[in-house]
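Below, each chain spelled out in residue letters.
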Number of protein chains: 2
Amino acid sequence: MKIYIIGIGLIGGSMALDIKTLYPDATVYGIDSNETHLQEALDLGVVDAGAQIDNLSDADFVILSVPVDVALTLLPKVLDAIGDNSIVFEVGSTKAPICEAVTNHPKRRNFIATHPIAGTEFSGPSAAIKGLFEGKTNIICEVERTAFKLQEKALELFKAIGMRIRYMDPKAHDKHIAYVSHLSHISAFMLGKTVINKEKHEQDIFDMAGSGFESTVRLAKSSPAMWTPIFKQNKVQVIETLEEYISNLTQFKDLLIKEDYNAIFEEMESVNRIKEILNGMNVKK
Amino acid sequence: MKIYIIGIGLIGGSMALDIKTLYPDATVYGIDSNETHLQEALDLGVVDAGAQIDNLSDADFVILSVPVDVALTLLPKVLDAIGDNSIVFEVGSTKAPICEAVTNHPKRRNFIATHPIAGTEFSGPSAAIKGLFEGKTNIICEVERTAFKLQEKALELFKAIGMRIRYMDPKAHDKHIAYVSHLSHISAFMLGKTVINKEKHEQDIFDMAGSGFESTVRLAKSSPAMWTPIFKQNKVQVIETLEEYISNLTQFKDLLIKEDYNAIFEEMESVNRIKEILNGMNVKK
């Protein structure tokens, strides 16, 4: 089995590690425009050898795990280069633009649009970890547009690495993910900015910040190169989530100004059921 | 050694557990207006026996770990009840109001104002955990107003449970903590509210939310009974942090509307140094 991974970062690299464990006979090839990353992936044993887009004709799987703007231009070229039995999947955090980009491609049926809801705030080949996808959800969009035999092949791999499958329309995906992922990133980045700007003497942050701040701001470590094109592609939905978030924060601030502490208590109490929601998430991990 | 803990929740209960481990001869008494909590603390072995405020005259240590509004009225009564060699400390997340409340109390020198920067999003006696304070910072305010011998006694205990000490003015404490703790809580509560309000079908949240959302929203599980009086007491500072946070979010939204993706990239990149700040925190844990 020949697997090509284009973009060997956190997601692509972690998939490579799981595949190498599950399928010892598989050869995993890495393709990366960043020579240093490719060399690092080879040194770490994340991939077995380097390759080029031209080599894809004999691929069983091609995993496209690059920033979402790069994916838009690269996926058509990848589909041009693969063989009839190759299955390509792309793993970005927006799904409508990529589905649209290949909607009329003659090899559309060799492509499956996915979003594995897994990751950390780190990036690059050294961020790759085994078992990252165990118990996580993989959202598959427009599944009916992928050839049935190739769907089966892809599903077998997703299940082997431990993922739960959920099917969604690409636009619904992009709308929902703006709330549960994209907004969290902006909220963390702007929290980090607010605190950094205020605290001229960083030692104050070091000493007074506890695990609560650390948890809330964690996503502000994420890669701007990865996230800028996500916000660009999902602009309309992200702006909507930001407007609602800002409106809720402003309302909370106004309650403080009015000193309506009963309402503040009730606001927090009504959000407390996030406990059950998060527990529901954890049960399924 | 006799230790009285008033309010046996996460902080008081965790202190009790550490004290019982470090000083096997100590007797830890629990005082709690909530009978169920007191019984739970007894059943869990967090405290050895129940007690009343009237019993405090022979106390070596009194730990006041109640919501900050309750502390304001309770601390003067506690100081009235203790003996000359007792040392009382209070552990709330605001320090100026409590210092002010006892500034002219005849037993002011038996009180030490502290804020252990430690905790989780859980509350009640069952949330108590051993070793919670290991490597964490304890902020002490107005240390010069505590009798020197009693300072020494308190510091010995704080060091025994593994805490690093930092001295601060109460007003500076309240200003800084608004940024690194209080704002994080509001940001998490309002993120939770925004997502819950939007997602009528909760299954969508369950399935699509990953560890990033979970981390960012974690503090929204916190107790409204604990946090409402904190926001009330630190109202002016908290409103200021909220205004800056809302302004930063609005500016980010405006960059998206203007499609200025270079500026968005730079915004995120400049906040990325939160990595080093958080690493700095972790080094000291």
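Bear in mind that the values here come from a model prediction, so they are computed numbers and not experimental data.

This paragraph deals with the pairing of strand 5 (residues 87-90) of chain B. Residue and element names in this part refer to chain B. In strand 5, alternate side chains face the same way, and those of Ile87 and Phe89 on one face and Val88 and Glu90 on the other are all buried. Running through helix 3 (residues 68-81), the crossover from strand 4 (residues 61-64) to the neighbouring parallel element strand 5 is right-handed. Looking at chain direction, strand 5 and strand 6 (residues 111-116) are connected through three bridges and run parallel. Bridge pairing in strand 6 links Glu90 to Ala113. A crossover connection joins strand 5 to the parallel strand 6 through helix 4 (residues 96-101); in handedness this β-α-β unit is right-handed.

Glancing now at the state of the cysteines. Residue and element names in this part refer to chain A. Counted by the stated rule, this structure contains zero disulfides over all chains. The structure places no disulfide on Cys99, whose sulfur is separated from the nearest cysteine sulfur, that of Cys141, by 5.6 Å. Classification of Cys99 as buried rests on a relative accessible area of 3%.

Assignment of secondary structure puts Lys193 of chain A in helix 6 (residues 170-198). A polar contact of 3.3 Å, which involves the side chain of Lys193 of chain A, links it to the side chain of Gln251 of chain B. Within the structure, the side chain of Lys193 of chain A is placed 2.9 Å from the side chain of Glu267 of chain B, a separation counted as a polar contact. Ignoring anything within four residues of it in the chain, the contact list for Lys193 of chain A reads Asn248, Gln251, Glu267 and Val271 of chain B.

In total, this model carries 24 salt bridges over all chains according to the counting rule given. A salt bridge links Lys235 of chain B to Glu259 of chain A, with the shortest nitrogen-to-oxygen separation between them at 3.6 Å. Pair noted here: Lys235 of chain B is in helix 10 (residues 235-257) and Glu259 of chain A is in the loop between helix 10 (235-257) and helix 11 (261-271), and the two residues belong to different chains. The class of Lys235 of chain B is buried, set by a relative accessible area of 18%. With its nearest N and O atoms 3.2 Å apart, the salt bridge here joins Glu121 of chain B to Lys221 of chain B. Of this pair, Glu121 of chain B sits in the loop between strand 6 and strand 7 (137-141) while Lys221 of chain B sits in the loop between helix 8 (211-217) and helix 9 (224-233), and the two are 100 residues apart along the sequence. The same class applies to Glu121 of chain B as to Lys221 of chain B, namely buried. Through salt bridges with shared partners, one network takes in Glu121, Arg218 and Lys221 of chain A.

Here the focus is the interface of chain A and chain B. Counting residues at the interface gives 90 residues for chain A and 90 residues for chain B. Of the roughly 9,200 Å² buried at the junction of chain A and chain B (both faces included), carbon and sulfur atoms supply 67%. Of all residues in chain A, the largest losses of buried area upon contact with chain B belong to Val180, Met208 and Met268 of chain A, amounting jointly to 8% of the total for that side. In this structure, Lys253 of chain A and Glu243 of chain B form a salt bridge, with 3.9 Å as the shortest nitrogen-oxygen distance. Along the contact surface separating chain A from chain B lie 20 residue pairs in polar contact (both at pLDDT 80 or more). The biggest single contributor to the side of chain A that touches chain B is helix 6 of chain A, with 19 residues.

All names here are of chain B. Overall, the coordinates contain 11 aromatic pairs over all chains when judged by the stated rule. Aromatic pair Phe89 and Phe158: ring centres 4.9 Å apart, planes at 80°, arrangement edge-to-face. Highlighted residues: Phe89 in strand 5 and Phe158 in helix 5 (residues 148-160), separated in sequence by 69 residues. There is no split in this pair, since Phe89 and Phe158 are both buried. With centroids separated by 5.5 Å and ring planes inclined at 40°, the aromatic side chains of Trp227 and Phe231 adopt a geometry described as tilted. Residue Trp227 and its partner Phe231 are located together in helix 9, separated by four residues, close to a single helical turn.

Residue and element names in this part refer to chain A. Across the interface, helix 10 lies against helix 11 with an axial gap of 8 Å and an inter-helix angle of 150°. In this structure, the crossing between helix 10 and helix 11 has a hand that is left-handed. Where helix 10 approaches helix 11, its residues Gln251, Phe252, Leu255 and Leu256 are matched on the opposing element by Tyr261, Ala263, Ile264, Glu267 and Met268.

Under the fitted operation, chain A is carried onto chain B by 0.0 Å of movement along the axis and a turn of 180°, and the coordinates agree to an RMSD of 0.0 Å. The superposition of one copy onto the other is thereby described by a two-fold rotation axis. In terms of C-alpha distance to the rotation axis, chain A has Thr216 of chain A as its closest residue, with the C-alpha 2.1 Å off the axis. By residue overlap, the copies meet face to face through one surface: 100% of the interface positions of chain A are interface positions in chain B.

Residues and elements named next belong to chain B. Its 13 residues give helix 5 an end-to-end C-alpha distance of 18 Å, which sits within 8% of 18 Å, the value for a rise of 1.5 Å per residue. Residues of helix 5 that are buried include every one of Leu150, Gln151, Ala154, Leu155, Leu157 and Phe158, and no others. Along the axis of helix 5, the buried positions cluster into a sector of 160°, meaning they face one direction only. In helix 5, the exposed positions that point more than 90 degrees away from the buried face belong to Phe148, Lys149, Glu156 and Lys159. Close packing links the buried residues of helix 5 with helix 1 (10-22), strand 4, strand 5, strand 6, strand 7 and strand 8 (164-168). One or two residues past the end of helix 5 sits Gly162, with phi positive at roughly 95°.

So, how was this worked out
- Residues numbered from 1 in each chain as written.
- Chains lettered and ligands numbered in written order.
- Predicted model: local features only at pLDDT ≥ 70, side-chain atom pairs only at ≥ 80, totals over all residues.
- Heavy atoms only, no water.
- Buried < 20%, exposed > 50% of the residue type's maximum accessible area, 1.4 Å probe, protein only.
- Helix = DSSP H or I, 4+ residues; strand = E, 2+ residues; numbered from the N terminus.
- Right-handed = clockwise from strand over helix to strand, strands pointing away.
- Pairing = 2+ DSSP bridges.
- Disulfide = S-S within 2.5 Å.
- Polar contact = N/O pair within 3.5 Å; in protein donor to acceptor, adjacent residues only side chain to side chain.
- Contact = heavy atoms within 4.5 Å.
- Salt bridge = Lys/Arg side-chain N within 4 Å of Asp/Glu carboxyl O.
- Buried area = accessible area lost by both parts, 1.4 Å probe.
- Phe/Tyr/Trp six-rings, centres within 6.5 Å; stacked < 30°, edge-to-face > 60°.
- Axes fitted to C-alpha atoms, helices over the stretch in contact; angles between N-to-C directions.
- Left-handed = near helix turned anticlockwise from the far one by under 90°.
- Least-squares fit on C-alpha atoms with pLDDT ≥ 70 in both.
- Expected span 1.5 Å × (residues − 1).
- Arc of directions from axis to C-beta.

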